[in-house]
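Residue-level structure breakdown
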Amino acid sequence: MTTAVADQIMANASDTGDRRRSISLRQAAAEFWRHTSPQLLAVLLVGAVAARVAVGDWNAWDVWVPLLMIGFFPVQEWLIHVILLHWKPLQIGRFTLDPEVARKHREHHADPRHVPLIFIPLGTLLVVLPLTIVVALVAFPTTGRGLTYLVTAAATGVVYEWTHYLIHSDYRPRTRVYRAIWRNHRLHHYKNEKYWFTVTSANTADVVFGTNPTPRTVDRSATARDLLGEQESSPVGTG
């Protein structure tokens, strides 16, 4: 185990909103699949896999496309989390630019245990999914490669939703890898919202962008539950 992972794991219970109650993985999965976002992503995944198998025309890109997408995914998570999810309302004349995904994320920070707020908002998903399908159909030189992209995008979406839900549920970590991921995201919610922006991994993009400090060196934020409250003037990552 690396020193960084050990530091994450050693964070005390108050830093991660730790609770005594524990549920089984089966109980967590039963709740997970009752929600619309995982259901829609699963339907897309099954349909994309079926279409990919039907089209055939396999080649090396069916390995490289998923590897490149999965390798970039921690950076993608970080960028979306910092830029979109922590977006602050922007006043443009009479209009306020404040996307649904940012509004719902502020609500999620205010109540991290409210299950419906854990998932991608439905309105956002109903825009993202059709756009992803369009990209798959028009941005690749062959249908097969586009469908491989679509399969990978749907799969990473399901993994993201499952990991995010599991972290906020009462399921307790049982492996070192998942415990590090669990600590990483819960520190973001319960200690300081200016750090630890990745969700499905730990010590990846946060290390690259300087948002993975040793927990004991970070002050507890007064605005972790209120993202529009009084903020420090320092940029993300410099705390």
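Provided above is the structure to which this section pertains.
Residues numbered from 1 in each chain as written. Predicted model: local features only at pLDDT ≥ 70, side-chain atom pairs only at ≥ 80, totals over all residues. Heavy atoms only, no water.

Quick word on helix 9 (residues 176–190)
Three or four residues apart is the spacing at which side chains of an α-helix point the same way, because the helix has 3.6 residues per turn. Rules: Comment: elements are numbered from the N terminus, with helices defined as DSSP H or I runs of at least four residues and strands as E runs of at least two. Here, expected helix span is obtained from the residue count minus one, scaled by 1.5 Å. Exposure categories follow from relative accessible area, calculated using a 1.4 Å probe and restricted to protein chains: below 20% of the type maximum is buried, above 50% is exposed, and the middle band is partly exposed.
The terminal C-alpha atoms of helix 9 lie 20 Å apart, and with 15 residues this matches the ideal 21 Å at 1.5 Å per residue to within 8%. Of all the residues in helix 9, the buried ones are Tyr-178, Ala-180, Ile-181, Trp-182, Arg-183, Asn-184, His-185, Arg-186, Leu-187, His-188, His-189 and Tyr-190.

Quick word on the side chain of His-108
So the rule is basically this: Contact between two residues is taken to exist if any of their heavy atoms lie within 4.5 Å; hydrogens are not considered.
Looking at the element boundaries, His-108 is found in helix 6 (residues 100–110). Setting aside residues up to four positions removed in sequence, His-108 forms contacts with Leu-117, Ile-118, His-164, His-168 and His-189.

Overview of the pattern of salt bridges
Charged atoms that come close allow side chains of opposite charge to pair. Quick note on the threshold: By salt bridge we mean one thing: a side-chain nitrogen of Lys or Arg within 4 Å of a carboxyl oxygen of Asp or Glu.
Under the counting rule described, the total for this entry stands at six salt bridges. One salt bridge connects Asp-62 with Arg-52, and the closest N-O pair in it is separated by 2.9 Å. Residue Asp-62 is located in helix 5 (residues 61–85), and its partner Arg-52 is located in helix 4 (residues 36–55); the two are separated by 10 residues in the primary sequence. Both residues of the pair, Asp-62 and Arg-52, count as buried. Notably, a salt bridge pairs Glu-193 with Lys-194, separated by 3.6 Å at the nearest N-O pair. Accessibility classification places Glu-193 together with Lys-194 in one group, the buried group.

Describing the packing of aromatic side chains
Quick note on the threshold: Two aromatic rings, drawn from Phe, Tyr or Trp (for Trp, its six-membered ring), form a pair once their centres lie within 6.5 Å of each other, and the interplanar angle then sorts them: stacked below 30 degrees, edge-to-face above 60, tilted otherwise. As a reminder, the over-ring test applies to NZ of lysine and CZ of arginine, requiring each to be within 6 Å of the ring centre and within 35 degrees of the ring normal.
What the rule picks out here adds up to 11 aromatic pairs. Each residue in the set Phe-32, Trp-33, Phe-119, Trp-162 and Tyr-165 is aromatic and connected to the rest through ring pairs, giving one cluster. The ring of Trp-58 is capped by Arg-52, whose NZ or CZ atom sits 3.9 Å from the centre of that ring.

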